[in-house]
Amino acid sequence: MICREQDEKFVMIKQHDHGRLAGEFAARFREEEVPRKRHSDEVLYAIANHDRGWVDLDETPFWNDTAKAPYSFIDFPLVPKLTFYRRGLDEIETVTLYGALLCSLHYERLIEVSGENSPELTIYLQEEEKRRSRIHRELEQSKAAIGEAELYYDSRLLQFCDDLSLFIGLHEPGTQTKDFHPWFKDGFSGTEEFDFTGGRIITAEWRGTTLLLDPYPFTESFEVTLPVRRVPRSEAASQGLAAAFSGMPDTPISVTIAEGELKRP
């Protein structure tokens, strides 16, 4: 669950909805930047489904007594989180070997960034290394071996689309740049490696419900929607979080993604 608080309400977004939005971004990415390859459909599937392990879990959100707020993807306990990582990867692997390889690498990067450490995590990382080695062997046997440049590029694409979708989930449209989440105050990390950026990091700025990006990574301007549930803190306290969340309707937010010159400090 992606969760933030605004005006005594918890703004809650299901992980798989966020993932599907990331898939929309991947489908619209500048085609001239995509290397020639045989796995385009698998990449799009993987990006749109990279958080599908959370589908069932997000139907019943959990309360974090310490934070006095719902558990989010940031503070969710490690051991069950790893269980759902595995579950999602297993499901993706039944559809696309390459997609599972890509998402396994993505989760490993997230773990490295988090700095978490435990015996359970060590076992998970060892198991995923075995998964990736097996997938590489199976792809080679089927004459669909993956080039390192292709895998590196697709990993960067997944990271950016995931980050952009997460950015929208973590901010109310119109948020001032000075109030951005710390992860995004300096732009979207890793995007300077895309050729079209000329070594610059893609940065964002809200203009009402329009999100401007520079350098611009898509072929045209477009509108996206993201389902959101706004759960009053008072109802979460009186009914319990799960019941309050279940009783609230989705109220999608609509955002226009566009190219534009950003204000500079």
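Above: the structure in question.
Since we're looking at a predicted model, the values are computed, not measured.

### Comments concerning the overall build of the protein
Then, in step 1: When you go through the protein residue by residue, the secondary structure sums to eight helices and nine strands.
Then, in step 2: A globule of 265 residues ought to have a C-alpha radius of gyration of about 18 Å, and the protein, at 19 Å, matches this closely.
Then, in step 3: For the C-alpha atoms alone, the extent of the protein along its principal axes is close to 60 × 45 × 30 Å.
Then, in step 4: The 265 residues of the protein split such that 50% are buried.
Then, in step 5: Partitioning the intrachain contacts of the protein with sequence separation of at least 6 by distance along the chain shows that 73% fall at a separation of at least 24.
Then, in step 6: Of the roughly 12,800 Å² of accessible surface on the protein, a fraction of 50% belongs to carbon and sulfur atoms.
Then, in step 7: Of the charged side chains in the protein, 31 are positive and 47 negative, and the gap between their average positions amounts to 1 Å.

### Focus on the pairing of strand 2 (residues 9-13)
Then, in step 1: In terms of burial, strand 2 is largely enclosed, as four of its five residues are buried.
Then, in step 2: Examined bridge by bridge, strand 1 (residues 2-6) and strand 2 share five bridges and lie antiparallel to one another. When the sheet's bridge partners are listed, Q6 is paired in strand 2 with K9.
Then, in step 3: Here strand 1 folds back onto strand 2, and the loop between the two strands holds two residues, one of which, D7, carries a positive phi near 50°.
Then, in step 4: In this structure, strand 2 lies alongside strand 8 (residues 229-232), joined through four bridges in antiparallel fashion. Each residue of the ladder has a partner; that of V11, found in strand 8, is R230.

### A word on the sheet that holds strand 8
Then, in step 1: Across the sheet, which stays open at both edges, the three strands sit in the order 1-2-8 with antiparallel pairing between neighbours. On the outer flanks of this sheet lie strand 1 and strand 8, each paired with one strand and no other. On average, each strand axis in the sheet is tilted by 25° relative to the strand beside it, whichever way the strands run.
Then, in step 2: The strands touched by helix 6 (residues 148-170) are strand 1 and strand 2; relative to strand 1, the strand with the most contacts, the crossing angle is about 30°.

### Brief notes about the sheet that holds strand 9 (residues 253-259)
Then, in step 1: Taken in spatial order, the four strands line up as 5-6-9-7 in an open sheet, and their pairing is mixed. Taken across any chain shown, the strands that pair with only one partner, and hence form the sheet edges, are strand 5 (203-207) and strand 7 (222-226). With direction set aside, neighbouring strand axes in the sheet form an average angle of 30°.
Then, in step 2: Sheet topology places strand 7 next to strand 9; five bridges connect them, and they run antiparallel. If you follow L226 over to strand 9, its bridge partner there is I253.
Then, in step 3: Against the sheet, helix 1 (residues 15-27) makes contact with strand 7 and strand 9, and its axis sits at roughly 170° relative to strand 7, the strand it touches most.
Then, in step 4: Sheet contacts for helix 6: strand 5, strand 6 (210-214), strand 7 and strand 9; angle to strand 6, the most-contacted strand, approximately 145°.

### Regarding the packing of aromatic side chains
The geometry of an aromatic ring pair is captured by the separation of the ring centres together with the interplanar angle, meaning the angle of the planes.
Then, in step 1: For the structure on display, the rule yields 27 aromatic pairs.
Then, in step 2: Here the guanidinium or amino end of R156 rests over the ring plane of Y152, the centre of that ring lying 4.7 Å away.
Then, in step 3: The ring of F245 carries the charged tip of R229 above its face, separated from the ring centre by 4.5 Å.

### So, helix 1
Then, in step 1: If you check helix 1, its first and last C-alpha atoms are 19 Å apart, about what 13 residues at 1.5 Å a residue would give, namely 18 Å.
Then, in step 2: Counted residue by residue, helix 1 has ten buried out of 13 residues, so it is predominantly covered.
Then, in step 3: Among the residues of helix 1, those classed as buried are Q15, H16, D17, H18, G19, L21, A22, G23, F25 and A26.
Then, in step 4: Residues of helix 1 that are buried in the fold lie against strand 1, strand 2, helix 2 (40-48), helix 6, strand 7 and strand 9.

### A short note on the pattern of salt bridges
Then, in step 1: By the definition in use, this model includes 20 salt bridges.
Then, in step 2: Notably, a salt bridge pairs R20 with D17, separated by 2.4 Å at the nearest N-O pair. Of the two residues, R20 and D17 both sit in helix 1, three residues apart, roughly one turn of that helix.
Then, in step 3: Exposure remark for D17: the relative accessible area of 12% places this residue in the buried category.
Then, in step 4: R229 is the salt-bridge partner of D250, the closest N and O atoms lying 2.9 Å from each other. Residue D250 is located in the loop between helix 8 (241-247) and strand 9, and its partner R229 is located in strand 8; the two are separated by 21 residues in the primary sequence.
Then, in step 5: On the basis of relative accessible area, D250 is assigned to the partly exposed category, the value being 40%.
Then, in step 6: One continuous salt-bridge network, built from bridges that share partners, spans D90, E93, E128, R131, R134 and E138.

What counts and how
Residues numbered from 1 in each chain as written. Predicted model: local features only at pLDDT ≥ 70, side-chain atom pairs only at ≥ 80, totals over all residues. Heavy atoms only, no water. Helix = DSSP H or I, 4+ residues; strand = E, 2+ residues; numbered from the N terminus. Rg over C-alpha atoms; globule rule 2.2 N^0.38 Å. Buried < 20%, exposed > 50% of the residue type's maximum accessible area, 1.4 Å probe, protein only. Contact = heavy atoms within 4.5 Å. Areas by Shrake-Rupley, 256 points an atom, 1.4 Å probe, with all protein chains shown as cover. Lys, Arg positive; Asp, Glu negative; His and termini not counted. Charge placed at Lys NZ, Arg CZ, Asp CG, Glu CD. Pairing = 2+ DSSP bridges. Axes fitted to C-alpha atoms, helices over the stretch in contact; angles between N-to-C directions. Phe/Tyr/Trp six-rings, centres within 6.5 Å; stacked < 30°, edge-to-face > 60°. Lys NZ or Arg CZ within 6 Å of the ring centre and 35° of its normal. Expected span 1.5 Å × (residues − 1). Salt bridge = Lys/Arg side-chain N within 4 Å of Asp/Glu carboxyl O.

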